[in-house]
There are 2 protein chains.
Amino acid sequence: MLTIGKLAAACDVGVETVRFYQRKGLLETPSSEGGVRHYGNEDVRRLRFIRKAQAAGFSLAEIGELIGLDASHDHTRARELARTRIEALEVRIRELQQARDSLRQLAAECEADDSGPCPILESFGV
Amino acid sequence: MLTIGKLAAACDVGVETVRFYQRKGLLETPSSEGGVRHYGNEDVRRLRFIRKAQAAGFSLAEIGELIGLDASHDHTRARELARTRIEALEVRIRELQQARDSLRQLAAECEADDSGPCPILESFGV
DNA sequence: ATAAATGCCGTACCATGGTACGGGGTCAAG
DNA sequence: CTTGACCCCGTACCATGGTACGGCATTTAT
């Protein structure tokens with residue numbers, strides 16, 4: 001049985017973050033039997049889930065839905081969310097790759113010619 | 001000579017966004033000679049620059065610095081910013097690729113076995 | 001000439017994901 | 001028996017990147 005501080009430490013988040021997730025309905029708020037609330041392994045798992053799903057690019061709102069799916073065993077919807085997220089990730093990856101590639105190109109040009117206008121700045125149209 | 005509305009339209013942003021950038025010091029606020037402010041090609045170029053640099057993942061604060069570099073012709077600093085941005089982009093790209101790959105894997109597993117617990121949700125530790 | 005569309009300006013508000021603060025309570029060690 | 005380290009709760013605040021609103025002036029089209 002953990003206090004909020006131990007729970008937070010176990011998942012490497014701040015105490016305030018735990019409370020924030022509680023307010024958002026992502027974590028349950030155990031009843032306070034005489035003041036201090038107690039948390040168990042389920043809470044640790046849940047909190048770790050939130051952080052992992054966040055790392056996979058899900059927003060807190062989406063994570064809330066994923067948590068709900070667990071109860072309903074709704075694979076279909078879970079796959080749907082996963083597919084949507086995969087597509088969004090692919091779009092974003094391509095965007096970032098393009099940004100990286102053009103910046104690389106510009107940095108190389110800039111390196112090659114130190115006089116005259118800076119290609120990096122030029123390219124953006126300044 | 002453009003009004004703020006035309007400028008915004010020319011760069012496909014909202015009027016409020018232009019004003020927001022002005023407040024942030026990213027765009028100049030021309031003197032209002034008798035009420036209506038007028039904008040020129042420089043402003044169009046500058047505004048487009050902001051949007052392109054944003055697409056390259058620069059924050060508005062970084063963009064402010066890039067604009068400053070234009071005046072000082074500071075290639076060194078520009079390259080520094082570009083390198084920093086490239087590195088950040090690469091880190092982010094790898095993170096997103098990992099997220100995508102694990103989601104793909106999970107979606108495939110989930111697809112394969114429609115009974116039992118959902119691997120997508122399981123994997124996150126719910 | 002008049003009504004609709006813009007412009008100006010200041011201020012407030014939005015979402016997202018937290019972080020901080022202040023006042024109070026409880027508990028264990030020194 | 002007091003000091004310090006937690007806890008609780010509510011509320012305010014932060015950064016980021018905008019978006020909206022309201023009142024008033026001006027401009028543009030009919």
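Residues numbered from 1 in each chain as written. Chains lettered and ligands numbered in written order. Predicted model: local features only at pLDDT ≥ 70, side-chain atom pairs only at ≥ 80, totals over all residues.

Going by an unreviewed UniProt entry, chain A carries the name Mercuric resistance operon regulatory protein and comes from Vreelandella halophila. Under the heading Function (unreviewed entry), UniProt records this for chain A: "Mediates the mercuric-dependent induction of mercury resistance operon. In the absence of mercury MerR represses transcription by binding tightly to the mer operator region; when mercury is present the dimeric complex binds a single ion and becomes a potent transcriptional activator, while remaining bound to the mer site." (UniProt positions renumbered as here; feature names shortened; annotations may be inferred.)

A few words on the overall build of chain A. In terms of regular secondary structure, chain A is built from six helices and zero strands. Long-range contacts, defined as pairs at least 24 residues apart, comprise 46% of the intrachain contacts of chain A with a sequence gap of at least 6. (Helix = DSSP H or I, 4+ residues; strand = E, 2+ residues; numbered from the N terminus. Contact = placed C-beta atoms within 7 Å.)

What follows is about the interface of chain A and chain B. The partner chain B presents 43 residues to the 43 residues of chain A that form the contact. Contributing elements (two or more residues each) for the side of chain A that touches chain B: helix H3 (41-55), helix H4 (60-72), helix H5 (75-112) and helix H6 (119-123) of chain A. The greatest single-element share of the side of chain A that touches chain B, amounting to 22 residues, is contributed by H5 of chain A.

Right, let's get into unusual backbone geometry. Residues and elements named next belong to chain A. Positive phi values are uncommon outside glycine, yet Asp 12 reaches one of about 60°. Tracing the sequence through the fold places Asp 12 in the loop between helix H1 (4-10) and helix H2 (15-23). Taking the C-beta count within 10 Å as the criterion, Asp 12 has 10 such neighbours and is therefore assigned exposed. (Buried ≥ 20, exposed ≤ 12 C-beta atoms within 10 Å, placed from the backbone.)

Now for the protein's contact with DNA strand C. Inspection of the region around DNA strand C gives 18 residues, with Leu 60 of chain A together with Thr 3, Ile 4, Gly 5 and Arg 37 of chain B positioned closest. Listing elements by their share of the surface near DNA strand C, those giving two or more residues are H2 and H4 of chain A together with helix H1 (4-10) of chain B. A per-class count over the surface near DNA strand C returns six nonpolar, nine polar and three charged. (Near = placed C-beta within 6 Å. Nonpolar A, V, L, I, M, F, W, Y, C, P; charged D, E, K, R; others polar.)

Among the nonpolar cores identified, the biggest contains 26 residues, and Ile 50, Ala 53 and Leu 66 of chain B are the most heavily contacted of them. Mapped onto this core, the elements with two or more residues apiece are H5 of chain A together with H1, helix H2 (15-23), helix H3 (41-55), helix H4 (60-72) and helix H5 (75-112) of chain B. Examining the composition of this core, we find that six residues originate from one element, H5 of chain A, more than from any other. Counting residues in hydrophobic clusters, the runner-up holds 25 residues, among them Leu 7, Ile 63 and Leu 81 of chain A together with Ala 107 of chain B. (Core = buried A, V, L, I, M, F, W, Y, C linked by C-beta atoms within 7 Å.)

So, about the protein's contact with DNA strand D. Contacts to DNA strand D come from 20 residues, most closely from Thr 3, Ile 4, Gly 5 and Arg 37 of chain A together with Leu 60 of chain B. Counting only elements with at least two residues in the surface near DNA strand D, the list comes to H1 of chain A together with H2 and H4 of chain B. In terms of residue class, the surface near DNA strand D is made up of seven nonpolar, ten polar and three charged.

This paragraph deals with the relation of the copies chain A and chain B. Superposing chain A onto chain B requires a rotation of 180° together with a translation of 0.0 Å along the rotation axis, leaving an RMSD of 0.1 Å. What we have between these two chains is a two-fold relation. Residue Ile 93 of chain A, judged by its C-alpha, is the member of chain A lying nearest the rotation axis, at 2.9 Å. Here 100% of the interface residues in chain A have copies in chain B that are interface residues too; the copies meet face to matching face. (Least-squares fit on C-alpha atoms with pLDDT ≥ 70 in both.)

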